[in-house]
Amino acid sequence: MNFEGLDPGLAEYAPAMHSALDPVLDAHLNPSLLQNVELDPEGVALEALPVQESVHIMEGVYSELHSVVAEVGVPVTVSHFDLHEEMLWVGSHGGHATSFFGPTLERYSSFQVNSSDEIRQIQSLENGILFLTKNNLKYMARGGLIIFDYLLDESEDMHSLLLTDSSMLLVGGLQNHILEIDLNTVQETQKYAVETPGVAIMRQTNRFFFCGHTSGKISLRDLRTFKVEHEFDAFSGSLSDFDVHGNLLASCGFSSRLTGLACDRFLKVYDLRMMRAITPLQVHVDPAFLRFIPTYTSRLAIISQSGQCQFCEPTGLANPADIFHVNPVGPLLMTFDVSASKQALAFGDSEGCVHLWTDSPEPSFNPYSRETEFALPCLVDSLPPLDWSQDLLPLSLIPVPLTTDTLLSDWPAANSAPAPRRAPPVDAEILRTMKKVGFIGYAPNPRTRLRNQIPYRLKESDSEFDSFSKVTESPIGREEEPHLHMVSKKYRKVTIKYSKLGLEDFDFKHYNKTLFAGLEPHIPNAYCNCMIQVLYFLEPVRCLIQNHLCQKEFCLACELGFLFHMLDLSRGDPCQGSNFLRAFRTIPEASALGLILADSDEASGKGNLARLIQRWNRFILTQLHQDMQELEVPQAYRGAASSSFCSSGDSVIGQLFSCEMENCSLCRCGSETVRASSTLLFTLSYPEGSNSGIPYNKTGKNCDFAQVLKRSICLEQNTQAWCDNCEKYQPTIQTRNIRHLPDILVINCEVNSLKEADFWRMQADVAFKMAIKKHSGEISKNTELALADWKELGSPEGMLRCPSIEELKNVWLPFSIRMKLTKNKGLDVCNWTDGDEMQWGPARAEEEHGVYVYDLMATVVHILDSRTGGSLVAHIKVGETYHQRKEGVTHQQWYLFNDFLIEPIDKHEAVQFDMNWKVPAILYYTKRNLNSKYNLNIKNPIEASVLMAEASLARKQRKTHTTFIPLMLNEMPQVGDLVGLDAEFVTLNEEEAELRSDGTKSTIKPSQMSVARITCVRGQGPNEGIPFIDDYISTQEQVVDYLTQYSGIKPGDLDAKISSKHLTTLKSTYLKLRFLIDIGVKFVGHGLQKDFRVINLMVPKDQVLDTVYLFHMPRKRMISLRFLAWYFLGLKLFHLYLPQT
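Because the structure is a prediction, the values reported are computed rather than measured.

A few words on the overall build of the protein chain. Counting its secondary structure elements, the protein chain contains 22 helices and 53 strands. The buried share of the protein chain, reckoned over its 1141 residues, is 46%. A fraction of 59% describes how many contacts in the protein chain between residues 6 or more apart in sequence connect residues 24 or more apart. When the accessible surface of the protein chain is summed, it comes to about 59,500 Å², and 52% of that surface belongs to carbon and sulfur atoms.

What follows is the structure in structure tokens.
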């Protein structure tokens, strides 16, 4: 309902107005109305008003039957007749819902729906009632139990809902979209765009959806596509209400006048057969509500807010004699509804009263109402009291009904899943005033929240992260943003600009002039691209992963091995990790850790990418470690268990990354407890003051990275723990001793606040001054070097050859560190330079004495950019073996990997961190001569047995409908054999595009496709032309478009429960194609480049015969398969999958 133009003061009500009201003190209430009404302590009426004996109802004429108080003094905002039971529901301005049973309006239930917002619409369903507030949709049982509570976005302003069928709901309001919600899954399924300022009223017939806009327009939309078919410009000011019956649409509203909005006394009536307006209907009241009441004729009931009601025919003339008056207690009528039987009318006023008008003494609200279930009388009061102070009191005395039905608390496994809820952050005032005694902190209660109540936020808020990662925009505009000029161009977030040809005319070579492969960023959760590159360029990890193969459908190690194989084959072309990320999204632990981002969060940069990638780093190492621990696998899937990598004990991932430790707990009584453990990575722990054991203070004293690393590895802390000797909790000193160092040292930097960022910045400044002193002598604190002095320091004519001044800035991280395990289980860590090797000797010789040198191999950094939401990039030192394979040279070089942008950089750039925009997140150090310790041979684990016949996942597949003949042993393809290939796809996400001002279309994000069917045909032999693969790919993801017209895939074909096709997993079919590629066959098809891209395969160009490019002339359009078949073969192709009429 739209009340624009009315007195704004009518909508301002005190939220607790009814809590202290006494009925005799309210001047607006009629004293006779509150007779025999019992009020609870909050002032809410407990039972309906009895009908006076003098009331006489004439048959066929509407008269007032009952009036009842819902909430004293609180306006009624909505009323609704239950469509299944004989009940009337009303909602109040205070968010309270009340139901009344039968024409006597006996109070049935009363409960709070929302604590702050008014109820705007009510819709009854078979099992409960839907309540719509400003940004909340709540489904509750008729007794008040919550069935579900669906929170909408805080910026939403919802006004109306429409039940399209038994399980689908449309919700609209004052925003530019309408949501479609599935009531079975309680999930948003569609979002339809509407024009601003939104939709306030919705109706439905068997032809159209009718949407009433606050601008005064009424749009008629298609039932299937929701596209606008017709539009009526009803009122120049605003729309108040409208209704549809048969072929007529009647509306009332406000017109624009010089003094503002005025209520229009002409009802606009439209004929839906001719889609045009007919003669307006002039009425004698100010219409605010209207409804069709089709009993014998199509009567209209027009109601004003002052209480006047007029009946008239929509095609006739209004008669003043047909006006009757509702006597509201308050000054205004706020709501109006008509029962399904048309025998009862309900009015709600601004003082909380509900008036029931009927046309018979004993009306029914519905033609066929079911029986209403009432609460059983309480039996507990008749039982003797029980004394709880008796310890031997048998609990069996408590009466419990004996039932064989499933208990309410016994949820089935399909409807329940463990969902850990993150603890809310502690109030900053508590942390500021807290004093620690042992391991317990004490602080005064700031009294900002209710006692023993902590509100949980269901959505991540932007305030969760510290402000140092956000840079405000310049007030002079985005284009002049100073922060953007701070970020070097190669570090900015890269995006793919799509054209009508898709990716074919995008110049990736402009961003990558090397032969290494980048990764495309437009896939959901592609923030981990930089970490995939880091793992790929770890030679032992790459060989181990590519040797792995198992039977799990969604195995991250297998999918990562397939992706590494693509990166190996690529010659500079970008790859995409769609299959790897598809498997990643199916792992429950990834969802529980918050690693799976929604598309909106990823596009807007709402998540803290630094924290996210560090959690992802810990998750992937743990997951790969678990995947590699499986030793017994079938012969057809021989992987890492049969390779030279694996040992009889722990996994090779554990050998590479695991650090064996001893955790010691020393009680003050002298009792010591030692427990062995291991970890795959370490987290930096920064010094906080003089008690840390590190020479660091706020004046800027030097603190080596090696010292901070040693403190983080050999962590020592005081905590309260249980002592078996003392038999109670005692203050203990917990220390960590290293027993065995890992081959690859992984460090999470944990720079998540201004405090850690300032520490890095301060140490980099101190290190810069020390480097200058080392090369040029003492520098005064109050003087700066002149530019000429800086040039002299970096010039070859100087006394000592040193790096340039720019290379020394923002550097605190060493390129190498030296670690030594002492005899007393201690650990020595120090920075290591190339000059130290002359003093201490080669690193290989010292390993025999427990001394190890680690070289920096990769750094992952978080780029802070408020315009794009930030991004993650990696600096990686690429080794000799990779250069030998890709470029035929043997040298080492540092590269920047920014998705598909790859650029060689100087090694000093990998350790320079300007904390204003470039924040370190993850560090990888590797032992020197690491590759010599492992067998780096790769044996292809995919065997010919993958092409043999396999069982279908579908339960209803019939052998008579087999569409292919699997290969026999004597038909195994050889190098150069021809194989015909075709693939069909379905759409998971629609394309996102925008129209430019010149009318051209710009693709923002392409549609996300998934392979649904793959067919391979023999190209030679006695069975030439007969398919040997015709697999339908089972999918668990939601499909938005099956593209049946082109693909032939129908709903249900990919569902294992009901499909009759040969259904397999994507991994199974992927292995078949990988075997064909590895064996060297040549694929023949039309548009194979797109097919291989969606399947996520990299095929060498000399193994592809694509008719799209075979018959393509330069600077001409691509020729379709239909034309080629007609021209060369004389065949006329049609869309074989069009539905027959």
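For helix α3 (residues 529-536), the tally of buried residues reaches eight of eight residues, placing the bulk of the element in the interior. Looking at α3, one finds that the buried residues are Asn529, Cys530, Met531, Ile532, Gln533, Val534, Leu535 and Tyr536.

Quick look at the environment of Pro920 now. Along the chain, the position of Pro920 falls in strand β45 (residues 918-927). Sequence separation of Pro920 and Ala874 is 46 residues, and the distance between their C-alpha atoms is 9.8 Å. Once residues lying within four places of it in the same chain are set aside, the contact partners of Pro920 are Cys749, Val751, Trp760, Val860, Val861, Phe913 and Met915.

Further remarks concern the pairing of strand β19 (residues 248-257). With respect to burial, β19 is a largely interior element, eight of its 10 residues being buried. Pairing analysis gives seven bridges linking strand β18 (residues 238-245) to β19, with the strands arranged antiparallel. Of the residues in β19, the one forming a bridge with Ser238 is Phe254. Linking β18 back to β19 in an antiparallel pair, the connection comprises two residues, with Gly246 at a positive phi of about 60°. Bridge count between β19 and strand β21 (residues 266-271): four bridges; the pairing is antiparallel. The partner of Ala250 across the bridge, within β21, is Val269. By the bridge criterion, four bridges tie β19 to strand β20 (residues 260-263) in an arrangement that is antiparallel. Directly across from Arg257, in β20, lies its bridge partner Gly260. In this antiparallel pair of consecutive strands, β19 and β20, the connection spans two residues.

Next up on the list: the sheet that holds strand β28 (residues 333-338). Taken together, four strands build an open sheet; the order of strands is β1-β30-β29-β28 and the sheet is antiparallel. Here the strands that pair on one side only, and so sit at the sheet edges, are β1 (63-69) and β28. On average, each strand axis in the sheet is tilted by 20° relative to the strand beside it, whichever way the strands run. Note: strand β29 (residues 344-349) against strand β30 (residues 353-358), five bridges, orientation antiparallel. Counterpart to Ala344 in the pairing with β30 is Thr358.

Now for the pattern of salt bridges. All told, the structure shown has 32 salt bridges when counted by the stated rule. Taking the shortest distance from any N to any O, the salt bridge between Arg739 and Glu662 comes out at 3.9 Å. Here Arg739, found in strand β37 (residues 728-740), pairs with Glu662, found in strand β33 (residues 659-667); they are 77 residues apart in sequence, far enough to count as distant. When its relative accessible area of 12% is taken as the criterion, Glu662 is described as buried. We note a salt bridge from Asp758 to Arg761, for which the minimum N-O separation is 2.7 Å.

This part takes up the packing of α3 against helix α9 (residues 609-628). Taken N-terminus to C-terminus, the directions of α3 and α9 make an angle of 40°; their axes are 10 Å apart at the nearest point. Comparing the axis directions of α3 and α9 gives the class oblique. The handedness of the crossing between α3 and α9 is right-handed. Where α3 approaches α9, its residues Cys530, Met531, Ile532 and Leu535 are matched on the opposing element by Ile613, Trp616, Asn617 and Ile620. By residue class, the composition of the contact of α3 with α9 is seven nonpolar, one polar and no charged.

Scanning the model with the defined rule gives 44 aromatic pairs in all. When the ring of Phe209 is compared with that of Phe226, the centres are 5.6 Å apart and the planes differ by 50°; the resulting orientation is tilted. Taken together, the positions of Phe209 in strand β15 (residues 208-213) and Phe226 in the loop between β16 (217-222) and β17 (228-233) put the pair 17 residues apart, joining distant regions of the chain. We classify Phe226 as buried; its relative accessible area is 4%. Summarising the aromatic geometry, the rings of Phe1123 and Trp1126 are spaced 5.7 Å apart at their centres and angled 45° between planes, so their arrangement reads as tilted.

We now examine the confidence of the model for the protein chain. Averaged over the protein chain, the pLDDT score is 80; the fraction of residues at 70 or greater is 81%. Every residue in residues 695-700 is under pLDDT 50, and counting partners more than four places away or in other chains gives 15 contacts. In the predicted structure, residues 1136-1141 sits below a pLDDT of 50 and forms seven contacts with residues beyond four places in sequence or in another chain.

Attention now goes to helix α11 (residues 705-713). Considered for burial, the residues of α11 that qualify are Phe705, Ala706, Val708, Leu709, Ser712 and Ile713. Along the long axis of α11, the arc covered by the buried residues comes to 160°, so they all point the same way.

A few words now on the pairing of strand β25 (residues 298-303). With six bridges connecting them, strand β24 (residues 289-294) and β25 associate as antiparallel partners. Across the sheet, residue Ile293 finds its bridge partner in β25, namely Arg299. The hairpin formed by β24 and β25 contains three residues between the paired strands. Here β25 folds back onto strand β26 (residues 308-312) in antiparallel fashion, the turn holding four residues, of which Gly307 has a positive phi close to 110°.

For the rest of this paragraph, the subject is unusual backbone geometry. Cis geometry is found at the peptide bond from Thr196 to Pro197, where omega equals 10°. Along the chain, Pro197 turns up in the loop between β13 (187-193) and β14 (199-204). Despite not being glycine, Val186 has its phi angle at roughly 55°, a positive value. Its location among the elements puts Val186 in the loop between β12 (177-182) and β13. The phi torsion at Asn525 lies on the positive side, around 65°, for a residue other than glycine. With respect to the helices and strands, the residue Asn525 is situated in the loop between α2 (482-486) and α3.

Interhelical geometry of helix α4 (residues 539-546) versus helix α5 (residues 556-569) gives an angle of 115° and a closest axis separation of 8 Å. One way to sum up the angle between α4 and α5 is to call them roughly perpendicular. Relative to α5, α4 is oriented so that their crossing is left-handed. Note on element contacts: α5 touches α4 through Ala557, Leu560, Gly561, Phe564, His565 and Asp568, opposite Arg542, Ile545 and Gln546. Per-class residue counts for the contact of α4 with α5 are four nonpolar, three polar and two charged.

On to the sheet that holds β16. Here we have four strands laid out as an open sheet, ordered β14-β15-β16-β17, and antiparallel in their pairing. For this open sheet the edge positions go to β14 and β17, each flanked by a neighbour on one side alone. Across the sheet, the axes of successive neighbouring strands diverge by a mean angle of 20°, strand direction being ignored. Alignment of β14 against β15, held across five bridges, turns out to be antiparallel. Counted as the bridge partner of Ile201 is Gly212 from β15.

Judged by nonpolar contacts, the single largest core of 104 residues is most densely connected at Tyr527, Ile613, Trp616, Phe657, Tyr924 and Phe1083. Once you skip the residues sitting within four places of it in the chain, Phe657 turns out to touch Leu538, Val541, Leu621, Thr679, Leu680, Pro742, Ile744, Val746 and Tyr924. Ile496, Tyr498, Phe508 and Phe759 belong to the second-largest nonpolar core, a separate cluster that totals 54 residues.

What follows is about the state of the cysteines. Per the stated rule, a full pass over the model turns up zero disulfides. Not part of a disulfide, Cys528 finds its nearest cysteine sulfur in Cys530, a span of 7.7 Å. The structure places no disulfide on Cys667, whose sulfur is separated from the nearest cysteine sulfur, that of Cys669, by 3.6 Å.

Within the secondary structure, Gln123 sits in strand β6 (residues 121-124). By relative accessible area, which is 13% here, Gln123 ends up buried. In this view, Gln123 contacts His80, Leu83, Gly128, Ile129, Leu130, Leu161 and Leu163; residues no more than four positions away in its chain are not counted.

What counts, and where the lines are drawn
Residues numbered from 1 in each chain as written. Predicted model: local features only at pLDDT ≥ 70, side-chain atom pairs only at ≥ 80, totals over all residues. Heavy atoms only, no water. Helix = DSSP H or I, 4+ residues; strand = E, 2+ residues; numbered from the N terminus. Buried < 20%, exposed > 50% of the residue type's maximum accessible area, 1.4 Å probe, protein only. Contact = heavy atoms within 4.5 Å. Areas by Shrake-Rupley, 256 points an atom, 1.4 Å probe, with all protein chains shown as cover. Pairing = 2+ DSSP bridges. Axes fitted to C-alpha atoms, helices over the stretch in contact; angles between N-to-C directions. Salt bridge = Lys/Arg side-chain N within 4 Å of Asp/Glu carboxyl O. Parallel < 35°, antiparallel > 145°, perpendicular 65-115°, else oblique. Left-handed = near helix turned anticlockwise from the far one by under 90°. Nonpolar A, V, L, I, M, F, W, Y, C, P; charged D, E, K, R; others polar. Phe/Tyr/Trp six-rings, centres within 6.5 Å; stacked < 30°, edge-to-face > 60°. pLDDT = per-residue confidence, 0-100. Arc of directions from axis to C-beta. Core = buried A, V, L, I, M, F, W, Y, C linked by side-chain atoms within 4.5 Å. Disulfide = S-S within 2.5 Å.

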